[in-house]
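Here is what each chain is made of, one letter per residue.
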Amino acid sequence: MQMEPTFTKGNVVVFRASGMARVEGRVEFDVHGQRAAFYEVSEASQRSLVPVEKAAEMLRNPVTEAEAREMLALLKLPGVNADDRPWEERFAELLRVIEVGTPMQHAAILRRLYATAATSHGDEDRLATAVGLFEDLVLSELAHVLHTPRGQIERELRALHPAAMPPESANSATVRS
């Protein structure tokens, strides 16, 4: 049986769907006549309730500094081939990796996406939006763990990967430093 993670007030966590968050506490409510426990997490100006029994699927601790450095080194490596699969396949893979992938898998996917020139037509705009949000998820965690401004990391990576989607086309994903 897998141990459920335990988070306490003040813990900084990665909210799998959206990035860095802070645990504000644990609360209980009656839901359909049953007592249910939730972690209250805040990110930017939003608060969310995460069922304690789903915490392992939705929240995780940030990577260690050594893991963050390894992820950043992977993102900086040259020589990755552009992903020329149809946008639907890339989009499905991106969503799957966000949901169940490891942080290193996140970095590998982002590196491959950086090598793929952005286009702006039709449904690929959905992919561009998802990539922008995914990039924010990965880079915000690296910035937090490495105590480096997120913008600095992004500028370094974009300089190394000129085909990468320009920030203005990535929707206006919240940029946190």
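See the structure above.
Quick notes on the rules
Residues numbered from 1 in each chain as written. Predicted model: local features only at pLDDT ≥ 70, side-chain atom pairs only at ≥ 80, totals over all residues. Heavy atoms only, no water. Pairing = 2+ DSSP bridges. Helix = DSSP H or I, 4+ residues; strand = E, 2+ residues; numbered from the N terminus. 1 Å grid on protein atoms, 1.4 Å probe; cavity = no way out; pocket = protein on both sides within 12 Å on 5 of 7 lines; lining within 4 Å. Points joined across faces, edges and corners; volume = space filled by probe spheres on them. Nonpolar A, V, L, I, M, F, W, Y, C, P; charged D, E, K, R; others polar. Expected span 1.5 Å × (residues − 1). Buried < 20%, exposed > 50% of the residue type's maximum accessible area, 1.4 Å probe, protein only. Arc of directions from axis to C-beta.

Draft legend 1. How the structure looks around the pairing of strand S1 (residues 12-15). Where S1 and strand S2 (residues 19-31) come together, four bridges link them in antiparallel fashion. Within S2, the position partnered with Val12 by the bridge is Arg22. Where S1 folds back onto S2 in an antiparallel hairpin, the turn is made up of three residues.

Draft legend 2. Here's a closer look at the layout of surface pockets. Space inside the second largest pocket adds up to approximately 190 Å³. Residue lining of the second largest pocket: Phe15, Arg16, Ala17, Ala56, Glu57, Met58, Ile98, Glu99 and Val100, and that is the complete set. Where the lining of the second largest pocket is concerned, the elements lending two or more residues are helix H1 (55-58) and helix H3 (87-100). Here the residues of the lining of the second largest pocket sort into six nonpolar, no polar and three charged.

Draft legend 3. A look at H3. Over its 14 residues, H3 runs 20 Å from end to end, which matches the ideal 20 Å to within 8%, given 1.5 Å per residue. Those residues of H3 lying buried are Trp87, Arg90, Phe91, Glu93, Leu94, Val97 and Ile98. Down the axis of H3, the smallest arc covering the buried residues is 165 degrees, so these residues share one side. In H3, the exposed positions that point more than 90 degrees away from the buried face belong to Glu99 and Val100.

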